[in-house]
Every structure is written in C-alpha cells, then in structure tokens.
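Next come the chains, spelled out residue by residue.
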Amino acid sequence: MVEKIKARARVRLQRIVLPEGEDPRVVSAAAAITKEGFARIILLGRKHIIGAVAADLQVSLVGVTIEDPAASARIEDYAQIYYERRHSYGVSLEEAREIARHPLYFAALSVAAGDADGSVGGAANTTGETVRAALHAIGLAPEAKLVSSFFVMIIPERPGLDLGTSGALLFADCAVVPDPKPEELAEIARATAENAQAILDAAPRVGLLSFSTKGSAKHARVEKVREALRILKARAPELAADGELQVDAALVPRVASSKAPGSPVAGSANVLIFPDLDSGNIAYKLVERLGGAQALGPILQGLDRPANDLSRGCSAEDIANVVAFTALQAIAQKEKSLEPQMNTDRH
C-alpha cells in the first residue's frame, strides 16, 4: 500500500517543506525521499548544521532545498500574510515578523503563500503546536468546519484476515478533537472519507463506531453516534456509511451478517470513526503495539492546504511515509479545485 502511494506521488511531484530540518531523522528522511523521487523536499534550518548532520549520517542532500527562516528574504511577505490573518486577534506586524521566523510557522506560511504544496512537522514539536501553526497560518478549507486527524493503519497480512483496502484502514479522530459533538463527528467522517478516496484510491466505506450495534444498547453516547450518521447522510447522501456499529460488526463479515444484516458497510469498512478521542487514541495504539500494525500519522484534515503532524517518537521511515500521504493530499486538493472550472468548460 505504501509503495503504491509513493508511485502515485511520483507522477506529479509536490514540494513538501519539513520545518525540523536539523533533526537527524528528518535529514535522513529528506535524503531517502529525494533518492526515491516521490517529492521535492525543502528543509528548514541552519545550513551548516544540516550539512553536518548529513555528513554524520553519510547521506546526500543533493536535490534538497535548504532554507534558514532566520535569514530568509521571504520573512516580510510571510509576516504580512500572518498579520492579515491574525491582526483581528491583536497580533501586531512586528509580532507577525517574529512568529514568521519560527520554523513551524515559516513552513505553514510557505504553504499558505504557495511556495510549498504541503508541510510535515511534529518530530520535535507537540501536536498542539503543529496544529496551531497550521490553523493560524493556513486556515480552514472553505467547506470544513473544524480541523481533525486520522491515522493510516497498515495491518500485517495473516491467513483468513482481509481488512479494509488491501490491509489498510483509516482511523479518526485519534489526535485532535477530544469529545466531538454529533455535527463534528459527522464532519470528521466526511473529511476522512474524502481522504480515504485520495489515499487508498478506493471507494470509502465508513463505519461510525460505538459499544452498540443498531440499537443493541441505549445510551446518550449511542444516540450521539446515531445523530452523527443522520447528519452525515444529509450532507453526503452518496457516501457508503453506517452506524452505530461495534468494531467487529464493522470489520468481520461473519459478525456483520448477524449483528447488522443489510448494512452497506458492515463487515467491509475501510474507514473507522471513533466516538471520541479516548477511544480513537487508545485503539490506534493497541492495534499498533499488540497487533503489529504500522500507524502512519496523525494526518490533519480540514485545512485549506495540507499540513501534517508526526509523533515525536517517529522514525525517518514514518516521516517519509507521511510526506507521501501529504503529497497525495496536495494533488487531490488541486484536482478538486479544478472541478468547478472543468464543469463550467463542459457547459
């Protein structure tokens, strides 16, 4: 699955900026990505330090762009972008200049300015810091109501186990929204389904999860999931989605046939929507640590342009994989922006 994603990214190379460019894992990932040729990498940091790290790792950064935000000629332009977005919150132009020099914000602002197609940070910064920089510098997509996240879970092959799309599933939300209201849960489901189409290159089949399946239990938490499904169906009637489903009913055909007969997704879901951050975060770590799955993310969604987060425990391989996903998000957003023009041309 990951190799297929990289192959699709190679067809239309995207410029991805990595703000933590002095981190050895990031330098190693940049070298590997450039060698494999599935993205154009921009590393942020001091050139002499990045060069020294690359020498220690014995990797080549030929083909990688290195830029030091503190010495960049683009600071004034980026400060102006940030000031225009945040002056109503009391940010002065001088404060915007200072903020724009911070690598996380410089990276997000380069995406906002169109100088990069996406950013990937978080190897040395918290999710909160990474999301805040992206939200303040890039902002929400016009159709989005909030920023949320998902993980791509790659499940190891086992005889008789056929999960998701070629063993890949999207889990959401596992990192950003603690206790989504029904409207927010519906928005998380809609956005994750859209990303499933882009990343898995397959029709999304969305299961909204609960401890109940189709009325087997009554509780306010169950009703929240049911209400989220009603909202989702109203907003995206063409989407294959169902709930509330227990996770075994969502994934296992034999269980689905008894617990949710006639469901359009039960037993074959490739997108799992968790009712809150507790369940989502616990689930992805259990599947990763006990099930041996590869957990890639968190990938952010709802932003006007792609900017993604990393776990601070990430490896160079994890960074490279998230860059590949970010490239596909950028390609999908560009194609989506062309759709109205294409429809106009047809008429």
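Description of the structure in this document. Computed from a predicted structure; not experimentally measured.

### Focus on unusual backbone geometry
Next up, step 1: Cis geometry is adopted by the peptide bond preceding Glu244, which originates at Gly243 and carries an omega value of -5°.
Next up, step 2: Along the chain, the position of Glu244 falls in strand β8 (residues 240-245).
Next up, step 3: A cis amide bond, omega 5°, links Gly297 with the succeeding residue Pro298.
Next up, step 4: Locating Pro298 in the fold gives a position in strand β10 (residues 294-301).
Next up, step 5: Here Ser166, not a glycine, exhibits a phi torsion of approximately 55°, which is positive.
Next up, step 6: Given the relative accessible area of 57%, Ser166 is considered exposed.
Next up, step 7: Even without a glycine there, the phi angle at Asp201 is positive, about 55°.
Next up, step 8: Inspection of the secondary structure assignment puts Asp201 in the loop between α8 (182-200) and β7 (205-209).

### Points about the sheet that holds strand β2 (residues 40-44)
Next up, step 1: Taken together, 5 strands build an open sheet; the order of strands is β3-β2-β1-β4-β11 and the sheet is parallel. Only two strands of the sheet have a single partner each, and these edge strands are β3 (65-67) and β11 (307-309). When strand polarity is set aside, the average angle formed by the axes of neighbouring strands in this sheet is 25°.
Next up, step 2: The pairing of β2 with β3 spans 3 bridges and is classified as parallel. Paired with Leu43 across the bridge in β3 is Ile66.

### Some remarks on the side chain of Asn308
Next up, step 1: Mapped onto the secondary structure, Asn308 falls in strand β11.
Next up, step 2: In terms of polar contacts, Asn308 uses its side chain to reach the side chain of Thr326, at 2.8 Å.
Next up, step 3: A polar contact is formed between the side chain of Asn308 and the side chain of Gln329, at a distance of 2.7 Å.
Next up, step 4: Once residues within four sequence positions are removed from consideration, Asn308 is found in contact with Ser119, Val120, Gly121, Thr130, Pro298, Ile299, Leu300, Val322, Thr326 and Gln329.

### Some thoughts on the nonpolar core
Next up, step 1: With 64 residues, the main nonpolar core has Leu18, Ile41, Leu43, Leu61, Val206, Ile273 and Val323 as its most contacted residues.
Next up, step 2: With 9 residues, the top contributor of residues to this core is helix α13 (residues 316-346).
Next up, step 3: Once residues lying within four places of it in the same chain are set aside, the contact partners of Leu61 are Val27, Ala30, Ala31, Leu43, Ile50, Ala54 and Ile66.

### Focus: the packing of aromatic side chains
Next up, step 1: This model, assessed by the stated rule, comprises 4 aromatic pairs.
Next up, step 2: The ring of Tyr89 carries the charged tip of Arg86 above its face, separated from the ring centre by 4.0 Å.

### Regarding the sheet that holds β7
Next up, step 1: If you trace the 6 strands from one edge of the open sheet to the other, you get β8-β7-β9-β6-β5-β10, paired in mixed fashion. A strand with exactly one partner marks an edge of an open sheet, and here the two such strands are β8 and β10. Within this sheet the neighbouring strands show an average axis-to-axis angle of 20°, counted without direction.
Next up, step 2: Judged from the 3 bridges that link them, strand β6 (residues 168-172) and strand β9 (residues 271-273) form a sheet pairing that is parallel. Its bridge partner lying in β9, Phe171 is registered against Leu272.
Next up, step 3: Sheet contacts for helix α9 (residues 220-235): β7 and β8; angle to β8, the most-contacted strand, approximately 170°.

### Focus on the pattern of salt bridges
Between side chains of opposite charge, a pair can form when the charged atoms approach closely.
Next up, step 1: In this structure the tally under the stated criterion is 25 salt bridges.
Next up, step 2: Between Asp117 and Arg15 there is a salt bridge, with the nearest N and O atoms lying 3.1 Å from each other. Within this pair, whereas Asp117 is found in the loop between α6 (103-112) and β4 (118-121), its partner Arg15 is found in strand β1 (residues 15-18), the two being separated by 102 residues in sequence.
Next up, step 3: Classification of Asp117 as buried rests on a relative accessible area of 11%.
Next up, step 4: What makes Arg15 partly exposed here is its relative accessible area of 29%.

### Digging into the pairing of β1
Next up, step 1: In terms of strand pairing, β1 meets β2 through 4 bridges, oriented parallel. Paired with Arg15 across the strands is Arg40, a residue of β2.
Next up, step 2: Note that the unit made of β1, helix α2 (residues 24-36) and β2 has a crossover that is right-handed.
Next up, step 3: Here β1 runs beside β4; their pairing, made up of 2 bridges, is parallel. Each bridged residue has a counterpart across the sheet, and for Val17 the counterpart in β4 is Ser119.

### Examining the pairing of β8
On a regular strand, each side chain points to the face opposite its neighbour's, so the side chains alternate between the two faces of the sheet.
Next up, step 1: Across the 6 residues that make up β8, a large majority, 5, are buried.
Next up, step 2: Sheet topology places β7 next to β8; 4 bridges connect them, and they run parallel. For Arg205, the partnering residue across the bridge sits in β8 and is Ala240.

### Digging into a nonpolar patch on the surface
Next up, step 1: A cluster of nonpolar side chains, namely Ile282, Leu286 and Leu290, defines an oily patch on the protein surface of about 330 Å² accessible area.
Next up, step 2: The topology assignment puts Ile282 in helix α12 (residues 277-289).

Reading guide: rules and limits
- One numbering rule holds for all chains: residues counted from 1, following each sequence as written.
- Local features in a predicted model are, by the rule used here, given only for residues with pLDDT of at least 70; side-chain atom pairs are given and counted only at 80 or more, and totals for whole chains, interfaces and linings are based on all residues.
- Here the side-chain values reflect all heavy atoms present in the structure, with hydrogen atoms and water set aside.
- Secondary structure is summarised from DSSP: a helix means a run of H or I of at least four residues, a strand means a run of E of at least two, and numbering begins at the N terminus for each.
- Burial classes follow relative accessibility: with a 1.4 Å probe on protein chains only, a residue under 20% of its type's maximum area counts as buried, one over 50% as exposed, and anything between as partly exposed.
- Two strands are said to pair when DSSP picks up at least two bridges between them.
- Note on method: axes are straight lines fitted to C-alpha atoms, helices fitted across the in-contact stretch only, with angles between N-to-C directions ranging 0 to 180 degrees.
- We call two N or O atoms a polar contact when they sit within 3.5 Å, provided that within protein one can donate a hydrogen and the other can accept it, with sequence-adjacent residues counted only if both atoms are side-chain atoms.
- The contact criterion used throughout is that any non-hydrogen atoms of two residues lie within 4.5 Å.
- To qualify as a nonpolar core, a set must consist of buried Ala, Val, Leu, Ile, Met, Phe, Trp, Tyr and Cys residues joined through side-chain atoms within 4.5 Å.
- Each Phe, Tyr or Trp ring (for Trp, its six-membered ring) is paired with any other whose centre lies within 6.5 Å, and the angle between the two planes then decides the class: stacked below 30 degrees, edge-to-face above 60, tilted in between.
- Whether a charge sits over a ring comes down to the Lys NZ or Arg CZ being within 6 Å of the ring centre and within 35 degrees of the ring normal.
- Salt bridges are counted wherever a side-chain nitrogen of Lys or Arg sits within 4 Å of a carboxyl oxygen of Asp or Glu.
- Whether a crossover is right-handed comes down to one check: with the strands pointing away from the viewer, does the path from the first strand over the helix to the second run clockwise; if it does, it is right-handed.
- Without a salt bridge and with relative accessible area above 30%, a residue can belong to a patch; like charges are then joined within 9 Å and nonpolar side chains (Val, Leu, Ile, Met, Phe, Trp, Tyr) within 5 Å.
- All accessible areas in this document rest on Shrake-Rupley with a 1.4 Å probe, and a residue is counted as covered only by the protein chains that are shown.

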